[in-house]
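Descriptive analysis of the structure
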Amino acid sequence: MQNMVFTILRLKPTRLYNQGVELPNPAQYPDASVAMSMARQYESEQRLADAEDLYRQVINQDPWFHAAYHALGLVAYRVGKLELAAELISSAIALNGSRVLYHRDHGEICRRLGRFDQALASARLAVALDEEQAESHYNLGLALSAHEANESAVTSYRRAVELDPEHGKAWNNLGSALEQCTAAPAAIDAYRQALRINPDHVEARSNLGSLLAREGDIDTARSELNRALELQPASVAAHFAISSLKRYWAEDPHLLSLEQLAKNPEKLPLKERTQLYFALGKARADCKDYQRAFAAFEHGNRLHKGQLKYSQSRLQAQSDAIIDLFNADYLEQVRSNLAPDDPTPVFVVGMPRSGTSLVEQILSSHSDVHGAGELKNLNSVVNEKLQLAPGELFTRGLASMDASGYAEMGAAYLESTGTLAPQAARIVDKMPANFYYLGLIALALPGAKIIHIARDPMDVGLSCYSRFFNDTMEFSYDLRDLGNYYIGYHRLMQHWSQVLPRGSLLTLRYEDLVTDLEAHSKAMIEHIGMPWQAQCLRFYENQRPVRTASLAQVRKPVYGSSVGTWKNYSAQLQPLLDIVGDYR
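Residue numbers run consecutively from 1 along every chain, following the written order of its sequence. Side-chain atom pairs in this predicted model are given and counted only at pLDDT of 80 or more, local residue features only at pLDDT of at least 70, and totals for whole chains, interfaces and linings cover all residues. Processing note: side-chain calculations cover all non-hydrogen atoms of the structure and skip hydrogens and water entirely.

Moving on, we get to the overall build of the protein chain. A count of helical and extended segments in the protein chain gives 28 helices and 5 strands. Each principal axis of the C-alpha distribution contributes one length, and for the protein chain these read about 90 × 60 × 45 Å. A simple rule labels every residue: compare its accessible area, found with a 1.4 Å probe on the protein chains alone, to the largest value its type can have, and call it buried under 20%, exposed over 50%, or partly exposed in between. Per-residue burial over the protein chain gives 52% buried out of 584 residues. Any two residues whose heavy atoms approach within 4.5 Å are treated as being in contact. Excluding contacts between residues fewer than 6 apart, the proportion of contacts in the protein chain whose partners are at least 24 apart in sequence is 68%. We get accessible surface area from the Shrake-Rupley algorithm with a probe of 1.4 Å; when it comes to residues, only the shown protein chains can shield them. Carbon and sulfur atoms form 49% of the exposed surface of the protein chain, whose accessible area is close to 26400 Å². When charges are tallied, Lys and Arg are placed among the positive residues and Asp and Glu among the negative ones, while His and the ends of the chain are skipped. By convention, the point assigned to a charge is CZ for Arg, NZ for Lys, CD for Glu and CG for Asp. Once the 59 positive and 68 negative side-chain charges of the protein chain are each reduced to a mean point, those two points are 4 Å apart. Only DSSP runs of H or I covering at least 4 residues are called helices, and only runs of E covering at least 2 are called strands; the numbering of each starts at the N terminus.

Turning our eyes to something else, we now look at helix 10 (residues 168–180). An ideal rise of 1.5 Å per residue puts 18 Å on 13 residues; helix 10 measures up with 19 Å between its terminal C-alpha atoms. In terms of burial, helix 10 is a largely internal element, 10 of the 13 residues being buried. The secondary structure elements touched by the buried residues of helix 10 are helix 8 (134–146), helix 9 (150–163), helix 11 (184–197) and helix 12 (202–214). Following helix 10 by one or two positions, Thr182 has its phi on the positive side, about 55°. For a helix, the expected span equals 1.5 Å multiplied by the residue count minus one.

A pair of strands is treated as paired once DSSP finds two or more bridges between them. In spatial order, the strands read 2-3-1-4-5; together these 5 strands make up an open sheet with parallel pairing. Of all the strands in the sheet, the pair left with one neighbour each is strand 2 (369–371) and strand 5 (505–509). Neighbour-to-neighbour, the strand axes of the sheet open up by a mean angle of 20°, direction not taken into account. Axis definition: a line fitted to C-alpha atoms, limited for helices to the stretch in contact. Angles are taken between N-to-C directions and run from 0 to 180 degrees. Here helix 25 (residues 479–499) sits on the sheet and contacts strand 4 (449–454) and strand 5; the angle it forms with strand 4, its principal contact strand, is near 140°. Helix 27 (residues 517–527) contacts strand 4 and strand 5 of the sheet and is inclined by roughly 165° relative to strand 5.

Looking at the element boundaries, Thr395 is found in the loop between helix 21 (377–386) and helix 22 (403–418). You can call Thr395 buried: its relative accessible area is 7%. Excluding residues within four positions of it along the chain, Thr395 makes contact with Ala321, Ile322 and Leu325.

Working definition: a ring pair exists when centres of Phe, Tyr or Trp rings (six-membered ring for Trp) sit within 6.5 Å. Plane angles under 30 degrees give stacked, over 60 give edge-to-face, the rest tilted. What the rule picks out here adds up to 18 aromatic pairs. On the numbers, 5.9 Å between centres and 40° between planes, the contact of Phe294 with Tyr569 is tilted. Within this pair, whereas Phe294 is found in helix 17 (residues 290–305), its partner Tyr569 is found in the loop between helix 27 and helix 28 (574–580), the two being separated by 275 residues in sequence. Among the residues examined, Tyr569 registers a relative accessible area of 3% and is labelled buried. Each member of the aromatic cluster is reached from another via a ring pair, and the members are Phe435, Tyr436, Phe475, Tyr485, Tyr486 and Tyr489. It is Lys246 that lies over the ring of Tyr248; its NZ or CZ is 4.6 Å from the centre. If you follow Arg455 out to its NZ or CZ, it ends over the ring of Tyr510, 4.6 Å from the centre. Counting as a charge over the ring demands two things of the Lys NZ or Arg CZ atom: a distance within 6 Å of the ring centre and an angle within 35 degrees of the ring normal.

Of note in the backbone geometry, Glu148 takes a positive phi value of approximately 60° without being a glycine. Phi is positive for Arg353, close to 65°, though the residue is something other than glycine. With respect to the helices and strands, Arg353 occurs in the loop between strand 1 (345–349) and helix 20 (356–364). Arg353 sits in the buried class, given a relative accessible area of 11%.

Two side chains with opposite charge may pair up if their charged atoms get near one another. Salt bridge criterion: a side-chain nitrogen from Lys or Arg within 4 Å of a carboxyl oxygen from Asp or Glu. All chains considered together, the criterion is met by 29 salt bridges. A salt bridge links Arg159 to Glu162; the nearest nitrogen and oxygen atoms lie 3.3 Å apart. One end of the pair, Arg159, and the other, Glu162, are both in helix 9, 3 residues apart, so they sit about a helical turn from each other. Residue classification places Arg159 among the partly exposed residues on the basis of a relative accessible area of 26%. Its salt-bridge partner being Asp252, residue Lys246 comes within 2.8 Å of it at the nearest N-O pair.

Below, the discussion takes up the nonpolar core. Membership of the largest hydrophobic core comes to 70 residues, with the highest contact counts inside it found for Phe326, Phe394, Leu398, Tyr406, Leu440, Ile441 and Trp496. For this core, the leading source of residues is helix 25, giving 9 residues. The contact partners of Tyr406, leaving out residues within four places of it in the chain, are Phe326, Tyr330, Val334, Leu398, Met401, Leu440, Leu443 and Ala444. Residues Cys110, Trp171, Leu229 and Val236 belong to the second largest nonpolar core, which totals 54 residues. Nonpolar cores are built from buried Ala, Val, Leu, Ile, Met, Phe, Trp, Tyr and Cys residues. Side-chain atoms within 4.5 Å join them into one set.

This part is about the environment of Ala177. With respect to the helices and strands, the residue Ala177 is situated in helix 10. Taking the C-alpha atoms as reference points, Ala177 and Leu500, 323 residues apart in sequence, are found 40 Å from one another. Excluding anything up to four places from it in sequence, Ala177 contacts Asn150, Ala153, Val154 and Tyr157.

The next point concerns the packing of helix 4 (residues 66–78) against helix 5 (residues 82–95). Between helix 4 and helix 5, the shortest axis-to-axis distance is 8 Å and the interhelical angle comes to 165°. It follows that helix 4 is roughly antiparallel to helix 5 by the angle criterion. For the element pair helix 4 and helix 5, the recorded crossing hand is left-handed. On the side of helix 4, the interface is formed by His66, Tyr69, His70, Leu72, Gly73, Leu74, Ala76 and Tyr77, while helix 5 contributes Leu82, Leu84, Ala85, Leu88, Ile89, Ser91, Ala92 and Leu95. Each residue receives one of three labels: charged for Asp, Glu, Lys and Arg, nonpolar for Ala, Val, Leu, Ile, Met, Phe, Trp, Tyr, Cys and Pro, and polar for the others, Gly being one of them. Partitioning the contact of helix 4 with helix 5 into residue classes produces 12 nonpolar, 4 polar and no charged. Any angle that falls under 35 degrees is termed roughly parallel, while one over 145 is termed roughly antiparallel, one within 65 to 115 roughly perpendicular, and all others oblique. In a left-handed crossing the near helix is turned counterclockwise from the far helix by less than a right angle, and in a right-handed crossing that turn is clockwise.

This brings us to the confidence of the model for the protein chain. The pLDDT value expresses, per residue, how confident the predictor is, ranging between 0 and 100. Predicted confidence across the protein chain gives a mean pLDDT of 90, with 91% of residues reaching 70 or more. Ignoring residues within four places in sequence, the model shows residues 1–15, a span with pLDDT below 50, making 29 contacts including any to other chains. Below a pLDDT of 50 lies the segment residues 17–27, which in the model reaches 20 contacts outside its immediate sequence neighbourhood of four places, other chains included.

With that settled, the discussion passes to the pairing of strand 3 (residues 426–429). For a regular strand, side-chain orientation follows a simple rule: the groups alternate between the two sheet faces. Taking every second residue as pointing to the same face, both faces of strand 3 are buried, with Arg426 and Val428 on one and Ile427 and Asp429 on the other. The pairing of strand 1 with strand 3 spans 3 bridges and is parallel. Bridge pairing in strand 3 places Phe347 opposite Asp429. Pairing analysis gives 3 bridges linking strand 2 to strand 3, with the strands arranged parallel. The residue of strand 3 that forms the bridge with Gly371 is Val428.

And the structure:
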């Protein structure tokens, strides 16, 4: 251990906290516990350099004093040196692995470093050492959430609040995990519990407002988000959440706050910085300050694109394989062995921001139609059935599949969606990217109907580029990537229009829909085999949850002002126009 001590100290001879203070005289603190107590006092007084010096002195005098390593690690954490913090607390654990706090703190620091496997291992050790500590279950929930193991995270957060019903952070994070599990009512209750404990809990109030907006309670959502911004005008999360629910004006206090935050964006974490630019772009666009709005969007897109590993070539290869496999002969050969199937599923496909939410809202306003939103069920069924390796194209697993294999996949999809609305005659799945799966849908779900909504690629491109999506939509953060993705989508839809069974696919243009809402709404309802109901024209009165970027738009009567919006940014969008100009 002596060698490890001097390795740590010699590799990092300068202080964690850069402040000129002389090392204390060792003779002043012959008892390590006295020195530790004095160091903690220094920490409480924000005298971190003095505290660090004392902790180092304790380690020099007693290299096996594990508490000093842990304490020094926390000082390193407080001044932003997370790598060193993790290293020092690991040293404390090596000396004494029975301390719950050491494992808990090590796990949290590893989580913040992005070392999610280590974070989870440390958090589990902390719980195993003492299952009655609420904080340990809370930290385990954080680690599980980082792994996107949301159901397990819910279990951990629930245990934390059972042990400590006043643990506001655990209630707030329980709400977030429940949201990811699509348990909105329970999530709302959890956020309200957090606010019962602390009405000034800005994050919980912002989370509650965002969720209420998606659930259709726009007025209450605005109220919660406005209150969050009253409490903390610099809350980027609240600004971002409310930006889609309001229109800004030139002297809007929220706009002024955003402009102020944008003066020092480097102080913000990367995600908040990205959210700031998208919210600021929306605010400037509302004020018709289009040039500065686009500059903000450009900043936000550039930041997020830097975090992604998008591969246009992989999507190209996937499209090639789809067109090669699902030719007219193959579809006819397999379909000849299929019996007529359940007419319940309806798929709405197209580019993101093309009007799929509006179509779903119109359809789901019918009393016998349930709008399920953007379901991942079909993708999950494909992955489970085909057991694909990471990066493997799904068509490889389908090449040798017979009619019974497709029927099994269809049955699995119907089972996974049937519980969403057991009494509904139709269930609408509006995952836009299901256009990749239309050949599979024709074989696995031969009774399904498909509605494809197309929109001017320039308006689609701008609408995508000006949004920071909940899911990655990795192609949407670069104009050239957007253009190439559109061409791939257009190519596939041209193919499907030629090979899918007659009567299964209805294509309509967004521009036509908003121009003659009644005629095209009737055509859609007829296409899915349902009798017409006039309430479908009052879709904006439908308070069903909407979990997409269109949540505010579908609460309003149809409008045509979004047609041609791209012209306000024609110069900046030239790279996109160069690519998609021939496809308009």
